[in-house]
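Geometric and topological summary
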Amino acid sequence: MSIKPLIILPDPILRQVSKPVERVDGDLRKLADDMLETMYDAPGIGLAAIQVGEPRRLLVIDLAKEDEPPAPHVFINPEILESSEQRSVYEEGCLSIPDYYAEVERPAAVRVKYLDRDGKLQEMQAEGLMATCLQHEIDHLNGVLFIDHISKLKRDMVVKKFKKLAKDKAPGKMVG
Ligand code: NI
């Protein structure tokens with residue numbers, strides 16, 4: 001397994017729409033394992049393949065707390081079948097937008113179908129943090145970021161800040 005570099009805002013890769021996975025094979029499982037390792041290292045609770053530069057409809061989630069054994073989930077070609085009327089608010093963050101958090105309102109529960117790590121069709125009725133996390137990650141597969149769900153004013157401020165950070169880090173720039 002290996003840790004992959006994370007794609008950070010405002011990299012346009014994050015706006016790509018990911019393509020469906022056609023075959024669940026060893027290569028795909030290796031990518032999923034690398035994504036899990038990258039996510040644990042960050043640390044984070046969810047990661048979409050596009051965040052490591054792979055425009056494929058694949059995401060990983062692990063909501064286990066620090067004192068609990070790992071509970072990795074791999075979702076391939078996930079699709080939301082149903083969203084609840086009831087909504088909930090979570091403070092969200094994103095490994096592609098480090099150190100920025102904002103409250104986002106989303107459906108409180110979703111039913112999702114997906115292929116698991118073995119390519120088997122599964123369905124999950126998710127609530128709470130899992131529902132929010134799945135929606136956040138599935139958004140990534142469609143080129144959508146959680147800052148798209150906050151006010152334009154706040155979003156513009158975040159994007160501006162990250163554009164400046166990227167510029168300051170650009171190669172060829174001397175940093176003493
Ligand atoms: Ni994210």
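Bear in mind the structure is a predicted one, so any value in this text is a computation, not a measurement.

Quick word on the packing of aromatic side chains
Considering all chains together, one arrives at 2 aromatic pairs under this definition. On the numbers, 4.5 Å between centres and 55° between planes, the contact of Phe75 with Tyr114 is tilted. Taken together, the residues Phe75 in strand E3 (residues 73–83) and Tyr114 in strand E6 (residues 109–115) connect sequence positions 39 residues apart.

Remarks on the pairing of strand E5 (residues 97–107)
Judged from the 7 bridges that link them, strand E4 (residues 87–94) and E5 form a sheet pairing that is antiparallel. By the bridge assignment for E5, Ser88 is matched with Arg106. The turn joining E4 and E5, which pair antiparallel and follow one another in sequence, is formed by 2 residues.

Focus on the side chain of Ser88
As for its placement among the helices and strands, Ser88 is situated in strand E4. The class of Ser88 is buried, set by a relative accessible area of 19%. Those residues in contact with Ser88 that lie beyond four places of it in its chain are Val104, Glu105, Arg106, Pro107, Ala108 and Thr132.

Quick notes on the UniProt feature "binding site: Fe cation" (unreviewed entry) in the protein chain
According to UniProt, the "binding site: Fe cation" (unreviewed entry) feature falls on Cys94, His136 and His140. Sequence-wise these annotated residues cover 47 residues; spatially they are packed, their C-alpha atoms never more than 10.2 Å apart. Of the annotated positions mentioned, Cys94, His136 and His140 line the largest pocket. Along the chain, Cys94 turns up in strand E4. If we ignore the near neighbours within four places in the chain, the residues touching Cys94 are Gln51, Tyr100, His136, His140 and Phe146. Take His140: it is sitting in helix H2 (residues 128–141).

What to know about H2
Between its first and last C-alpha atoms H2 spans 21 Å; for 14 residues at 1.5 Å apiece the expected length is 20 Å, and the two agree. For H2, the tally of buried residues reaches 12 of 14 residues, placing the bulk of the element in the interior. All of the buried residues along H2 are Met130, Ala131, Thr132, Cys133, Leu134, Gln135, His136, Glu137, Ile138, Asp139, His140 and Leu141. In the segment just after H2, Gly143 is the residue with positive phi, at about 75°.

Rules behind the numbers
- Residues numbered from 1 in each chain as written.
- Predicted model: local features only at pLDDT ≥ 70, side-chain atom pairs only at ≥ 80, totals over all residues.
- Heavy atoms only, no water.
- Phe/Tyr/Trp six-rings, centres within 6.5 Å; stacked < 30°, edge-to-face > 60°.
- Helix = DSSP H or I, 4+ residues; strand = E, 2+ residues; numbered from the N terminus.
- Pairing = 2+ DSSP bridges.
- Buried < 20%, exposed > 50% of the residue type's maximum accessible area, 1.4 Å probe, protein only.
- Contact = heavy atoms within 4.5 Å.
- UniProt positions renumbered as here; feature names shortened; annotations may be inferred.
- 1 Å grid on protein atoms, 1.4 Å probe; cavity = no way out; pocket = protein on both sides within 12 Å on 5 of 7 lines; lining within 4 Å.
- Expected span 1.5 Å × (residues − 1).

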